[in-house]
Amino acid sequence: MKILDEASPRVKLTEIGQSPMGRIMYIAFISDEDNINRLDELKEYNKKLALDPNLSEQEKEKMIRDGKVFVLGTLSMHSTEVAPAQAAPLIAYDLATTDDPLKTKWLRDVVYMMVPNHNPDGMTMIVNHYRKYKGTKYEGSSMPRVYHKYVGHDNNRDFVTLSQSDTRAINRIYSLDWFPQVMVEKHQMGSTGTRYFVPPNHDPIAENVDAGIWNWSGIFGANMMKDMTREGLAGVSQHFLFDDYWPGSTETCIWKNVIGMLTEGASAKLATPIFIEPTELSVGGKGLSEYKKSINMPLPWEGGWWRLSDLIQYEITSTMSILKTSSIHREDILQFRNDMCKKEVEKGENLPPFYYIFPEKQHDKSELVILVNLMKEHGVKVYQLDKDLIVNNIHYAEGSIVLPLSQPFRAFIKEVLEKQEYPVRHYTPDGEIIKPYDITSWSLPLHFGVKADEIKIESAEIENSITEIEGSFDLLSDPPDTYSAIIFPVEYNESYKAAFRILTSGIDVERLSEDILMNDKKYHKGSFLIRPTDKNADKMNKLLSDMSVSPCYLSTSVEAKTEKMSMPGIALIETNFHDMDAGWTRFVLDQYGISYTVIKPGDFEETEFNEEFDVVIFPDADKSILMEGKYKRGDDYYITDYPPEYTKGIGKEGMKNLMAFVEGGGLIISWGQSVNLFEGTLTITHEKEDNEEFKLPFSDISDDLRKKGLYCPGSLVKMKILKDHPVTLGMEEEIGIFSRARPVFLTSVPNFDMDRRVLGVTPEKDILMSGYVEKEELLGNKAVMIWLKKGEGQFVFFCFNPQFRASTHVSYKLLFNAILIAKP
Ligand SMILES: [Zn+2]
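Computed from a prediction, not measured in an experiment: that's the story for all the values here.

What counts and how
Residues numbered from 1 in each chain as written. Predicted model: local features only at pLDDT ≥ 70, side-chain atom pairs only at ≥ 80, totals over all residues. Heavy atoms only, no water. Helix = DSSP H or I, 4+ residues; strand = E, 2+ residues; numbered from the N terminus. Expected span 1.5 Å × (residues − 1). Bend = angle between axes of the 7 residues up to and from the residue. Buried < 20%, exposed > 50% of the residue type's maximum accessible area, 1.4 Å probe, protein only. Pairing = 2+ DSSP bridges. Donors = N, O, S within 2.8 Å, 3.2 Å for Na, K, Ca; no water. Tetrahedral: all angles 85-135°; square planar, octahedral: opposite > 155°, others 65-115°. Axes fitted to C-alpha atoms, helices over the stretch in contact; angles between N-to-C directions. Contact = heavy atoms within 4.5 Å. Patch = residues over 30% accessible without salt bridge, like charges linked within 9 Å, V, L, I, M, F, W, Y side chains within 5 Å. Areas by Shrake-Rupley, 256 points an atom, 1.4 Å probe, with all protein chains shown as cover. Salt bridge = Lys/Arg side-chain N within 4 Å of Asp/Glu carboxyl O. Lys, Arg positive; Asp, Glu negative; His and termini not counted. Charge placed at Lys NZ, Arg CZ, Asp CG, Glu CD. Arc of directions from axis to C-beta.

Let us now look at helix α5 (residues 83-97). Helix length check: α5 (15 residues) gives 22 Å between terminal C-alpha atoms against 21 Å at 1.5 Å per residue, within 8%. Its axis deflected by about 30 degrees at proline 89, α5 carries its strongest bend there. Taken together, the buried positions of α5 are occupied by Ala83, Pro84, Ala85, Ala87, Ala88, Ile91, Ala92, Leu95 and Ala96.

The structure is reproduced here in structure tokens:
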């Protein structure tokens, strides 16, 4: 791409950011020479068409006449899906050198913004892995880890939260910088189904996204199917499996008026060809029930050899088709973009809700700052009240945050700030419902623990009392010249970040053992106290330089009961099975300055947990993968294609070591399915005396609840929290937890040297806060977070992922507090 950039006036390569491992990410602008020379002017057109609802007719006509359709193509974010990125040089070279009159016409009308690789870290890992095993029997095998620094496949779930640097680089393109009118993200799927998926997607589709977006994706898809079939490419199919109700993928841009879509090609074994027997071809899901000629797949592929080069041919043809469709409909698409801008702004003026207000008073102010800056990064305008105001009989203090819905990205604002209701659709009248493809809750205020009020009345008073927040938002004020103590309130997530960093840098941190009142302000138990000295002042200032909320500076010394904070040694268990939950956990711990050592299940035998660690964290993983290094379903094992050195489990000897750690006073934190490791009979092995068998006083009752009909595909449910426990410090009385109702606990009366406390319980009624649950009542009054003790050993178990995809900030403190109850 760099060579093309140098050699061709039709190609311009631009840096857009860095991957999580520090690789540079690029866009290659590919278009007619004239267009490349006037990119800045065209960028300005894009922006005005996208964001200005009041363009004069004259100005709009000019932009539609002289403007170009910008098509963003993001390739191979999922690194095992190699074909789109491998096709990129061929497509770029062809477009840079062609004199085909059709293609040069497309290039006059269209600017193709090719992101040659959305995930360069992962692609490098996959290529290295492929080369390592090429020519052996493991050629083309799966790679035993996530293909990303942290999140692997979930990089296509990060476009609401924008936690990863590669996600942020792509988001900027369509939310803040270039405003392309069309976006395609290019993927691959399994090997034995249809050859190629093109839009439109299947139901359910998002309620908040305008009909026009769906219409356009249908036009692009129909043209791809026609153009690809004409080229003799069989097996192109549409309108099946892939639904479009959830934001989080790169297609989150459809909530921002971009005609967004995805394509999915059938995979070979990375670059190694495969032969598929016709009898092995199958489909079976939404939209395609049998592998037969049908309206969603008019020309089935008949089987045979399937190679990376075949797939690349599909990639080239589908990409050319998108450019062609954009060229044919150039004026229409540009007009549509400005129509959408107008329409969304008008909806915001005429349909409730009209505003969201985040009151100035918040339990966790650091999360308010994060949410405000996140909305701005999404291209949303955010305002602040410049005086106190009463709306709906509620008093909002000066400084409260206001988001008006009359904005071009209204659909996005509404989608991520409201509570989710899954759009229930059925296959047949009164028949089975179409089950969600992914999660069903992403409401940012609920997930972050920020209070947000929906304002359903129009108010000129609000309009007249707000000022836009320019630049990055914070709640910082200058520290006083002298002070004798700093308190970081326990309620703020950011306080934990500060405390972990300060402690790690060698400065003492204390935690309040009781609530205290100083200068009419209450500081709650668990808050972090630092007593600055001349010696540590510089270091402290550096550590505090990127805080977003000022801590409390006290002029008098604090005479309260405190406990010295110490940092436990942490082992984090990560399996080799594309363990995304462990990856997200690593990300959150890194973000908060908590150091840890990754231990693989196969390392347990050699690990002296007692000597090296105080806490062992088990993120959500399947019990049989942890114990045996392979999937077990019923009595059957699913054998993976990993090279054998990666399929070792904890095993009996490894478990023995872990139990010795418990006996030595260690702490185990576990959530999701990993908790099942600790259910049933456990054994502590003694060298001299008899071995000790015991059962922790809890069981997982989720199988039973599922049999009775409980179905919770990933929703936010309410949890009431036990007060005054070290694990629940700084928490509100109730929060939403991200749950798949697996596991669900039932504790029992303990015997011997064991004990238990239920730390979190679901309410009896009104359990669902956001998303979708069937037979909700079965989840009523259930223990969903527990603390257990065996001798000196401790356990904290969650039924939910407290750090789910780095999007459930509201439950982070539970994880941090749990870590801090370890006894180093
Ligand atoms: Zn993919």
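Moving on from the coordinates now.
Moving on, we come to the pairing of strand β40 (residues 793-798). With six of six residues buried, β40 is to be regarded as a mostly interior element. Of the two faces of β40, the one carrying Gly793, Phe795 and Phe797 and the one carrying Gln794, Val796 and Phe798 are both buried. Across five bridges, the pairing between strand β30 (residues 667-671) and β40 is parallel. Paired with serine 670 across the bridge in β40 is phenylalanine 797. In the sheet, strand β39 (residues 783-790) pairs with β40 via six bridges, with the strands oriented antiparallel. Paired with lysine 790 across the strands is glycine 793, a residue of β40. From the end of β39 to the start of β40, which pair antiparallel, there are two residues, and glycine 791 there has a positive phi angle of about 60 degrees.

In this section: the coordination of the zinc ion. Looking at the zinc ion, one finds its protein donor set to be His78 (ND1), Glu81 (OE), Glu81 (OE) and His187 (ND1), positioned 2.0 to 2.5 Å from the metal centre. Coordination geometry of the zinc ion: the four donor atoms subtend angles of 55 to 150 degrees at the metal centre, consistent with an arrangement described as irregular. For the zinc ion, the single-chain donor residues occur in sequence as H-x2-E-x105-H. Taken as a pair, glutamate 81 in the loop between β3 (69-75) and α5 and histidine 187 in strand β5 (residues 182-189) lie far apart in primary sequence, 106 residues in all. Relative accessible area serves as the criterion here: at 6%, glutamate 81 is assigned to the buried category.

This part covers the sheet that holds strand β18 (residues 485-488). In a beta sheet, neighbouring strands are held together by backbone hydrogen bonds and run either parallel or antiparallel to one another. Taken in spatial order, the five strands make up an open sheet running β23-β18-β22-β19-β24, and their pairing is antiparallel. The sheet terminates laterally at β23 (552-554) and β24 (562-564), the two strands that pair on one side only. Sheet twist, expressed as the mean angle between neighbouring strand axes with direction ignored, is 30 degrees. Bridge count between strand β19 (residues 510-512) and β24: three bridges; the pairing is antiparallel. Following the sheet pairing, glutamate 510 is matched in β24 by lysine 564. On the sheet, helix α16 (residues 493-504) packs against β18, β19 and β22 (528-530) and is oriented at approximately 45 degrees with respect to β22.

Read from one edge of the open sheet, five strands run β16-β11-β15-β12-β17, paired in antiparallel fashion. With one partner strand each, in any of the chains shown, β16 (453-455) and β17 (466-468) form the two edges of the open sheet. Averaged over all adjacent pairs, the angle separating strand axes in this sheet is 30 degrees, with direction ignored. The pairing of strand β12 (residues 383-385) with β17 spans three bridges and is antiparallel. Following the sheet pairing, tyrosine 383 is matched in β17 by glutamate 468.

Checked against the element boundaries, aspartate 622 lands in the loop between β27 (615-618) and α20 (623-628). Aspartate 622 has contacts with Tyr631, Arg633 and Gln673, leaving out every residue within four places of it along the chain.

Attention now goes to a negative patch on the surface. Among the surface-exposed residues, Glu346, Glu349, Glu458 and Glu463 lie close enough to one another that they form a single negatively charged patch. Position of glutamate 346 relative to the elements: it lies in helix α11 (residues 330-350). Judged by its relative accessible area of 42%, glutamate 346 is partly exposed.

Before going further, it helps to examine helix α21 (residues 651-663). For α21, which comprises 13 residues, the first-to-last C-alpha distance of 19 Å matches the rise-based estimate of 18 Å (1.5 Å per residue) to within 8%. Of all the positions in α21, only Gly654, Met655, Leu658, Met659, Phe661 and Val662 are classed as buried. The buried residues of α21 occupy an angular sector of 150 degrees when projected down its axis, which confines them to one face. Glycine 665 lies just past α21 and shows a positive phi near 95 degrees.

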